[in-house]
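Chains, contacts and geometry: an overview
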Amino acid sequence: MRYLSSIITLLLIILSEFSYGQYYDTGQDPASLKWMQIKTDRFTVIYPKQYGDQGIEFARTLEESYNRITSVFPDRKFRIPVVIHNFTTQSNGYVAWAPRRMEIYPTPEQNSIPLNPVKYLTIHELTHVMQMESLERGFTKGASFLFGEQFPGVVASLLPLWYLEGDAVYAESVLTESGRGRSPAFHKQLKAISAGRGSMFSYDKIVNGSFRHFVPDHYSSGFHITSWSKYRYGSDLWNDALRLTGNLPFTLNPVNLSLLSTSGVTRKKLFSEAYDTLGVIWKNELATNGSMPYPSLNPPKGRRYISYHSPVKISNTGYVAVRTSMGSPPAIVLIDTEKSRVKKLHSPGQIYPYILSQGRSSVVWVERKNDPRWNNRNYSVIMHMDTRNGKVRQIGRKTRYMAAAVSPDGTTIAASVNSIDNRNSLVFIDISTGMAGQAFTVPGNAYIQKPRWSEDGKEVTFISLTEKGEGIVSFNVNNHAFSTLIEENTDDYQDAFIRNDSLFFVSSRSGTENIYVMSPEKTITRLTASRFGATGFIVDGGKLIFSDYTSHGNDISITDIGSGYEAPSSRSDPSGFISGHDKTVADAIPIVEKNYEPVPYRKFSHLFRFHSWLPFYADLNEITADPLAITPGLTLMSQNTLSTLQTTVGYEYSEKMHRLHSRITWKGWYPVFESEIDYGEDNYIHKLSERIDDPDIINPGMYVAGRAYLPLRFSSGGYIQYFQPSLSFYYANNYIFLKEQGIYDRGQTQLSGRLYFSNYKRSSVRDIYPRFAQIADINYSFYPFEKTIFGSFMTLRTALYVPGLFQNNVIRLKYEWDLQDVEKIPLMNRIDLPRGYRDISSEDLMVFSGSYDAPLVYPDLGILGVVYLTRIRTSLFYDYASGKGNYHLSRENGRVLTEYYEAGTETFSSFGVEMLADFHLFRFPYTLSAGARASWVSGADSPFTEILFSIDVFGMNIGRLGPR
């Protein structure tokens with residue numbers, strides 16, 4: 001049983017952490033939305049009514065994308081729900097498998113590739129569907145009858161994450177006219193590491209990441225490995241691996257077994273082959289294509305990875321840019337070229353992409369703002385900084401401004417707007433009042449990317465994105481006319497600007513992002529020869545200032561506008577292994593012409609969707625802490641397609657008793673409601689030290705709890721705030737002897753109210769905890785019907801986080817207070833005693849704790865593919881507590897008993913050290929933390945030691961519904 005429990009524990013951890021696994025809840029949409037649905041041959045498309053005819057077009061694109069996918073995957077029969085969240089302002093997609101569904105966020109992004117965003121999303125996410133469907137065979141299919149949809153999610157964790165995402169990028173690149181695999185911007189980070197540093201990182205480092213160096217994500221690294229493997233060993237290589245993984249997952253490494261059988265290589269060998277080959281290709285390119293380094297305006301970075309984006313000039317020696325790094329969150333900074341120093345001006349909110357626009361003393365950018373309650377609704381607003389005084393203000397509130405550019409005279413903002421039904425327009429805003437004027441609909445409903453004013457302020461240019469790809473369009477401010485400067489095509493354009501009737505723009509035409517100029521006579525000249533990519537430029541007299549990518553991030557570089565280089569006559573794909581693939585398959589797919597009739601989707605007729613089950617009982621909240629917490633029985637799990645109702649129902653037979661359990665969470669309304677019921681437990685009989693008989697009739701134990709709360713989230717600049725008020729109750733039918741009446745009280749009810757608030761600064765990659773944070777948590781509870789047994793209980797918990805002496809060090813200070821009015825039975829304290837103490841409960845307890853947390857080393861050490869160590873960190877702590885009315889407890893047969901009572905005040909203190917390692921096991925894509933703690937308790941001769949194993953979570957746990 002212990003072996004089985006350990007396996008189940010590992011599987012459940014994988015399910016909870018892995019994005020293709022268990023109970024993946026992306027959030028909820030506004031409760032007021034009316035939903036529609038379209039049923040096609042393979043999909044049930046569910047979308048808000050406000051999405052309009054776009055829902056029909058999306059359904060057609062899904063079916064077309066499926067027809068494309070079957071050219072690289074075997075045809076599979078399935079039906080899967082597809083939920084569209086069009087009230088967000090980002091482009092994204094997910095495939096989850098428990099319950100199985102696809103979720104789409106269709107709003108195009110500003111850093112888009114020259115491809116219809118819906119086509120790109122559907123191809124990518126359908127690849128994940130086909131990967132998962134390919135696992136539904138053999139042992140996996142049989143086990144799905146025992147465990148439901150969660151089991152394929154477990155099996156999917158045996159596939160490398162780089163393959164899952166790399167294969168999806170491969171599909172979108174081969175089966176469409178573009179795709180990220182054909183975009184130089186997608187390759188430049190790995191190219192710079194390989195050719196700029198001289199060698200590629202190790203396989204373990206690419207897979208597990210690093211705190212020491214910047215490591216590109218598994219999308220780009222996985223694309224190259226996957227495309228190489230198909231180029232070198234054939235397209236069936238991974239289909240065979242999927243088949244064997246589905247048939248024989250219990251072999252624990254079926255992918256390598258399949259790869260060795262079909263090609264004689266392993267995953268790690270494929271990585272080495274791909275990047276050894278690319279390394280030679282990339283270095284030869286740099287030696288032959290005439291690329292050159294450029295002098296930088298920012299101070300030297302040494303070996304640190306620091307990237308400067310979108311420079312704008314505000315004085316003769318001053319440039320404002322967005323700075324990103326591994327050690328600090330994004331910041332808007334001033335680069336003083338005369339003094340060679342950088343000064344932080346502002347900590348922005350959710351700013352991406354990193355695009356600034358400047359006109360006179362104004363700098364503007366766009367930030368995303370979250371809806372306080374609904375995760376699947378957010379907004380985009382314009383932020384305006386006055387460089388004369390550094391003041392920042394917000395323009396717009398519940399708006400969908402996707403990009404913004406300020407006019408040269410600093411009076412007007414041109415903004416791209418995308419509506420919830422995907423209508424695109426160009427809007428002009430008075431910068432002084434923030435009022436939007438007339439909106440101009442773009443011809444062909446082209447999506448507007450990165451608008452910029454001409455130098456004379458008479459035109460606004462932007463990148464247009466349509467079904468044909470990307471082009472460059474200008475808008476005349478005086479006569480309100482749109483003009484096409486470059487027709488839409490498959491070149492990837494990043495920026496465009498008009499000066500003296502000449503069009504400056506960034507294009508990937510040469511296979512690397514570079515800056516070009518087109519004369520009024522339509523002659524195109526390349527102005528830069530960047531090694532890895534030039535973006536985010538401004539023209540300053542006869543100079544170009546731009547972001548030039550290196551292996552240590554973007555530098556703000558400068559060059560003269562000289563005669564330039566000859567522009568390539570045709571487009572060059574970036575180096576890789578898909579250039580030889582025939583893209584005509586994309587054109588051979590017939591267009592779906594079916595007429596779909598949307599019908600209403602009734603939310604309350606789709607409340608339950610039982611997707612998974614277990615042939616035993618397991619409390620998913622407890623099993624990760626106690627691997628033996630499984631018993632004979634049955635567990636059923638439900639989560640509806642809109643993720644508004646989550647339910648778990650369980651039956652267990654334990655200790656010759658039948659027990660029932662249920663958990664239900666409703667998130668469909670503004671407040672969230674939770675309830676749980678446990679029936680059949682051993683009942684608790686409390687005699688208060690009286691020698692009397694047990695009750696004549698003892699009913700099975702029953703526990704009922706409920707909670708209503710408002711999970712609200714706000715943001716302000718570089719800070720995020722959470723506010724959660726809640727009301728809860730719990731009832732337990734325990735037996736408590738009342739001496740005065742000579743009877744047993746046969747049930748107790750507790751009511752509680754709680755206010756939780758936190759405010760914390762956005763963190764960087766290396767931060768162990770936020771550098772600045774404040775937390776306050778107040779909880780009051782009482783027993784309205786058992787006042788003579790239990791008193792009231794008040795808890796206050798506060799925390800303050802401030803920076804330490806060095807970067808990524810933090811000082812944590814906590815003050816916590818428990819006050820309970822004890823009548824007959826004391827309750828256990830809700831706050832923790834100083835480390836090293838246990839089995840004490842106080843009527844009046846105050847605890848102060850201080851700790852200093854610091855990273856020690858980033859070893860990036862892999863051991864045989866089993867353990868990969870990314871960071872070693874330490875924490876020095878001191879805890880102090882003062883308790884009045886202390887119950888010193890003992891434990892007997894699993895029960896807590898009072899050993900003796902001390903009415904006076906006692907103090908407890910300890911100090912110590914924690915040493916923790918952050919690491920990966922078996923190359924799974926989540927970080928574990930393990931280590932040891934030594935606590936020197938006041939008056940003790942030797943330290944109290946503990947083993948620590950956890951995933952460290954910042955903040956205070958909002959916790960269960962009530963005490964047990």
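Residues numbered from 1 in each chain as written. Predicted model: local features only at pLDDT ≥ 70, side-chain atom pairs only at ≥ 80, totals over all residues. Heavy atoms only, no water.

1. Details of the overall build of the protein
Here is the rule: Numbering goes from the N terminus for both helices and strands, where a helix is a DSSP run of H or I of at least four residues and a strand is a run of E of at least two. Radius of gyration here uses only the C-alpha atoms, and the compact-globule reference equals 2.2 Å multiplied by the residue count raised to the power 0.38. For each residue, the accessible area found with a 1.4 Å probe, counting protein chains only, is set against the maximum for its type, and the residue is called buried under 20%, exposed over 50%, and partly exposed in between. Contact between two residues is taken to exist if any of their heavy atoms lie within 4.5 Å; hydrogens are not considered.
Counting its secondary structure elements, the protein contains 13 helices and 53 strands. Taking 2.2 N^0.38 as the reference for a compact globule, 964 residues should give roughly 30 Å; the C-alpha atoms of the protein span a radius of gyration of 31 Å, in line with that estimate. Across the 964 residues that make up the protein, the buried fraction comes to 56%. Put simply, of all contacts in the protein between residues at least 6 apart along the chain, 58% involve residues at least 24 apart.

2. Regarding the packing of helix 10 (residues 236–247) against helix 11 (residues 254–263)
Defined as follows: Lines are fitted to the C-alpha atoms to define the axes, a helix being fitted only along its stretch in contact, and any angle between axes, read from their N-to-C directions, falls within 0 to 180 degrees. The scheme is simple: roughly parallel for angles under 35 degrees, roughly antiparallel for over 145, roughly perpendicular for 65 to 115, oblique for anything else. Crossings are assigned a handedness: left-handed for a near helix turned anticlockwise from the far helix by less than a right angle, right-handed for a clockwise turn.
As a packed pair, helix 10 and helix 11 sit with axes 8 Å apart at the nearest point and diverge in direction by 135°. In terms of orientation, helix 10 and helix 11 fall into the oblique class. Relative to helix 11, helix 10 is oriented so that their crossing is right-handed. Packed against helix 10, whose contacting residues are Leu237, Trp238, Asp240, Ala241, Leu244 and Thr245, the element helix 11 presents Pro254, Val255, Leu257, Ser258, Leu259, Thr262 and Ser263 at the interface.

3. Points about the environment of Arg368
Positionally, Arg368 belongs in strand 11 (residues 362–370). Between the alpha carbons of Arg368 and Gly349 there is a distance of 7.4 Å; along the sequence they are 19 residues apart. Not counting chain neighbours up to four residues away, the residues in contact with Arg368 comprise Thr89, Gln90, Gln350, Asn378, Tyr379 and Ser380.

4. Let's talk about empty space enclosed by the protein
This is how the line gets drawn: We place a 1 Å grid over just the protein atoms. Points where a 1.4 Å probe fits but has no way out form a cavity, open points with protein on both sides within 12 Å along at least 5 of 7 lines form a pocket, and any residue with an atom within 4 Å of a point lines it. Grid points are joined across faces, edges and corners, and a volume is the space filled by probe spheres set on the points.
For the structure shown, the criterion picks out 4 cavities of 30 Å³ or more. Volume-wise, the largest cavity comes out at about 60 Å³. Taken together, 11 residues form the lining of the largest cavity, with Pro184, His187, Lys191, Gly511 and Pro574 sitting closest to its centre. For the lining of the largest cavity, the elements supplying multiple residues, two or more each, are helix 7 (184–197) and helix 12 (267–288). Top element by residues in the lining of the largest cavity is helix 7. It accounts for 4 residues.

5. A short note on the packing of helix 7 against helix 9 (residues 218–233)
Under the convention used in this document: Just so you know the grouping, Ala, Val, Leu, Ile, Met, Phe, Trp, Tyr, Cys and Pro go in nonpolar, Asp, Glu, Lys and Arg go in charged, and all remaining residues, Gly too, go in polar.
At a minimum axis distance of 10 Å, the contact between helix 7 and helix 9 shows a crossing angle of 85°. Taken as axis vectors, helix 7 and helix 9 run roughly perpendicular relative to one another. For the pair helix 7 and helix 9, the contacting residues are Phe186, His187 and Leu190 in the first and Tyr219, Ser220, Ser221, Phe223 and His224 in the second. For the contact of helix 7 with helix 9, the residue count by class is 4 nonpolar, 4 polar and no charged.

6. Quick look at the confidence of the model for the protein
So the rule is basically this: The predictor rates its confidence in each residue with pLDDT, a number between 0 and 100.
Confidence along the protein averages 90 in pLDDT terms, with 92% of residues attaining 70 or more. Low pLDDT, under 50, characterises residues 14–22; the stretch is placed with 35 contacts to residues that sit more than four places away or in other chains. Counted against residues more than four places away or in other chains, residues 952–964, with its pLDDT under 50, gives 44 contacts.

7. Comments concerning unusual backbone geometry
Cis geometry marks the peptide bond from Ala98 to Pro99, where omega comes out at 0°. In this model, Tyr352 is joined to Pro353 through a cis peptide bond whose omega is 0°. Within the chain, Ser643 stands out as a residue other than glycine whose phi angle is a positive 60°. Checked against the element boundaries, Ser643 lands in the loop between strand 34 (633–639) and strand 35 (645–654). For Asp839, which is not glycine, the phi dihedral falls at a positive 60°. Looking at the element boundaries, Asp839 is found in the loop between strand 47 (810–820) and strand 48 (840–857).

8. Remarks on the pairing of strand 17 (residues 436–441)
Test applied: A pair of strands is treated as paired once DSSP finds two or more bridges between them.
Here strand 16 (residues 424–430) pairs with strand 17 via 4 bridges, running antiparallel. Bridging from a neighbouring strand, Leu426 pairs with Phe440 of strand 17.

9. Quick word on a nonpolar patch on the surface
Short version of the rule: Patch membership needs two things, relative accessible area over 30% and no salt bridge, and members are linked within 9 Å if like-charged or within 5 Å if nonpolar (Val, Leu, Ile, Met, Phe, Trp, Tyr). For every accessible area listed, the method is Shrake-Rupley and the probe measures 1.4 Å; residues are considered covered only by the protein chains on display. Here, a salt bridge means any side-chain nitrogen of Lys or Arg that lies within 4 Å of a carboxyl oxygen of Asp or Glu.
Taken together, the side chains of Leu800, Leu813, Tyr815, Phe848, Tyr878, Phe911 and Trp936 make up a nonpolar region of the molecular surface, amounting to roughly 620 Å² of accessible area. Position of Leu800 among the secondary structure elements: in strand 46 (residues 793–803).

10. Here's the deal with helix 6 (residues 161–174)
Basically, it comes down to this: An expected span of 1.5 Å times one less than the residue number is assigned to each helix.
Between the first and last C-alpha of helix 6 there are 20 Å, a value that for 14 residues agrees with the 20 Å anticipated at 1.5 Å per step. Extensive coverage of helix 6 is indicated by the burial of 14 of its 14 residues.

11. Regarding the pattern of salt bridges
In this structure the tally under the stated criterion is 42 salt bridges. Arg797 serves as the salt-bridge partner of Asp777, at 2.8 Å between the closest nitrogen and oxygen. Of this pair, Asp777 sits in strand 45 (residues 773–782) while Arg797 sits in strand 46, and the two are 20 residues apart along the sequence. Judged on exposure class, the residue Asp777 and its partner Arg797 are both buried. Put simply, Glu946 and Arg933 hold a salt bridge, and the shortest N to O gap is 3.0 Å. One end of the pair, Glu946, is in strand 53 (residues 944–950); the other, Arg933, is in strand 52 (residues 928–937), with 13 residues separating them in the sequence. The exposure class assigned to Glu946 is partly exposed, which follows from its relative accessible area of 25%. Linked through salt bridges whose partners overlap, the residues forming this network are Arg835, Asp879, Glu914, Arg933 and Glu946.

12. Notes on the sheet that holds strand 19 (residues 459–466)
Pairing between the strands of a sheet is mediated by backbone hydrogen bonds and can be parallel or antiparallel. Strand order in the open sheet formed by 4 strands is 18-19-20-21, with antiparallel pairing between adjacent strands. The open sheet has two edge strands with one neighbour each: strand 18 (447–453) and strand 21 (482–489). The mean angle between the axes of side-by-side strands here comes to 20°, regardless of whether they run parallel or antiparallel. Inspection of the sheet shows strand 20 (residues 469–476) paired to strand 21 by 5 bridges, in the antiparallel sense. Pairing of Phe475 across the sheet is with Phe482, part of strand 21.

13. Focus: the sheet that holds strand 28 (residues 553–560)
On the basis of which strands lie adjacent, the open sheet formed by 3 strands has the order 26-27-28 and antiparallel pairing. Single-partner strands in this sheet number two, and they are strand 26 (534–540) and strand 28. Taking each pair of neighbouring strands and ignoring which way they run, the sheet shows an average axis angle of 25°. Of the strand pairs in this sheet, strand 26 and strand 27 (residues 543–550) are connected by 5 bridges, and their pairing is antiparallel. Bridged to Ile538 within strand 27 is Ile545.

14. Looking at the packing of aromatic side chains
Applied cut-off: Ring pairs shown here join Phe, Tyr and Trp side chains whose ring centres sit within 6.5 Å, with only the six-membered ring taken for Trp; geometry is labelled stacked below 30 degrees between planes, edge-to-face above 60, and tilted in between. Distance and angle both matter: a charge sits over a ring if NZ of Lys or CZ of Arg is within 6 Å of the ring centre and within 35 degrees of the ring normal.
Under the defined criterion, the tally for this structure stands at 44 aromatic pairs. Between Phe139 and Phe250, the ring centres sit 5.0 Å apart and the planes meet at 75°, which makes this aromatic pair edge-to-face. Of this pair, Phe139 sits in helix 4 (residues 138–147) while Phe250 is found in the loop between helix 10 and helix 11, placing the two residues 111 residues apart along the sequence. Aromatic side chains Tyr735 and Tyr744 sit 6.5 Å apart centroid to centroid with 75° between the ring planes, which places their arrangement in the edge-to-face category. Looking at Tyr735, the relative accessible area reads 2%, which means it is buried. In this structure Tyr744 comes out as buried when scored by relative accessible area, which is 12%. Here a set of aromatic residues connected by ring pairs shows up, and it is made of Phe428, Phe440, Trp453, Phe462, Phe475 and Phe482. Directly above the ring of Phe201 sits Lys205, whose terminal nitrogen or CZ lies 4.6 Å from the centroid. When the ring centre of Tyr709 is taken as reference, the NZ or CZ atom of Arg707 above it lies at 4.3 Å.

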